[in-house]
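Observations on the three-dimensional arrangement
Read off the chains here:
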Amino acid sequence: MMRICEKCDHLEAVASGQECDEKIIGSTVVSGKTDKSISGACPSTENWICLECNASRCSRYVNGHSLQHATASGHSIAVSLSDLSAWCYECEAYVTHPCLDPLLARLNELKFSSGSASS
């Protein structure tokens, strides 16, 4: 059964962090940079952005690099670029909280924007 956490104590690290555009633009996925420290490149599908350091890693169901990053760094919260959900590795649950709304809205805009300005 899928667990959803509405009172995750680990959100404090992201709630008081950088502005959402800085987090997103600083991520390796959006900037197009690749992290050479990962053995074997992460595929472009099922990637997660760490909301503490902007690292972009593949899901536990691909090569597990996002989980490895969370375990090694202690960074708990990440957002999926596939479905724009937030996950806490410490709580082992999806996270919903109003502090994530601006970030998720901006990701949604970037993901689904046609790239053309409306008149």
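The preceding data block contains the structure.
Residues numbered from 1 in each chain as written. Predicted model: local features only at pLDDT ≥ 70, side-chain atom pairs only at ≥ 80, totals over all residues. Heavy atoms only, no water.

A closer look at the sheet that holds strand S1 (residues 4-5)
Reading across the sheet, the 6 strands line up as S1-S6-S5-S4-S2-S3 and stay open at both edges, with mixed pairing between neighbours. Each end of this open sheet is capped by a strand with a single partner; those strands are S1 and strand S3 (56-58). With 3 bridges joining them, strand S2 (residues 47-50) and strand S4 (residues 77-80) adopt antiparallel strand pairing. Looking at the pairing, cysteine 50 lines up with alanine 78 of S4. Sheet strands touched by helix H4 (residues 65-73): S2, S3 and S4. Its angle to S3, the strand with the most contacts, is close to 125°. (Pairing = 2+ DSSP bridges. Helix = DSSP H or I, 4+ residues; strand = E, 2+ residues; numbered from the N terminus. Contact = heavy atoms within 4.5 Å. Axes fitted to C-alpha atoms, helices over the stretch in contact; angles between N-to-C directions.)

Some remarks on the pattern of salt bridges
Summed over all chains, the structure comprises 1 salt bridge. One salt bridge connects glutamate 109 with arginine 106, and the closest N-O pair in it is separated by 2.7 Å. Taken together, the residues glutamate 109 and arginine 106, both in helix H5 (residues 101-112) and 3 residues apart, mark about one turn of the helix. (Salt bridge = Lys/Arg side-chain N within 4 Å of Asp/Glu carboxyl O.)

Looking at the nonpolar core
Core analysis: the largest hydrophobic core is formed by 18 residues, its most contacted members being Cys8, Leu11, Leu51, Ile77 and Val95. Breaking this core down by element, the ones donating at least two residues are S4, strand S5 (86-88), strand S6 (93-95) and H5. In this structure valine 95 touches Cys5, Cys8, Leu11, Ile77, Ala86, Trp87, Cys88 and Leu100, once residues within four positions along its chain are discounted. If you look at the next biggest cluster of nonpolar residues, it comprises 5 residues, including Trp48, Ala78, Trp87 and Tyr89. (Core = buried A, V, L, I, M, F, W, Y, C linked by side-chain atoms within 4.5 Å. Buried < 20%, exposed > 50% of the residue type's maximum accessible area, 1.4 Å probe, protein only.)

With respect to unusual backbone geometry
With a phi close to 60°, leucine 84 is a non-glycine residue in the positive phi region. You can see leucine 84 is positioned in the loop between S4 and S5. Take leucine 84: its relative accessible area is 15%, and that puts it in the buried class. Its identity as a non-glycine residue notwithstanding, glutamate 92 has a phi of 50°, on the positive side. With respect to the helices and strands, glutamate 92 occurs in the loop between S5 and S6. Assessed through its relative accessible area of 57%, glutamate 92 is described here as exposed.

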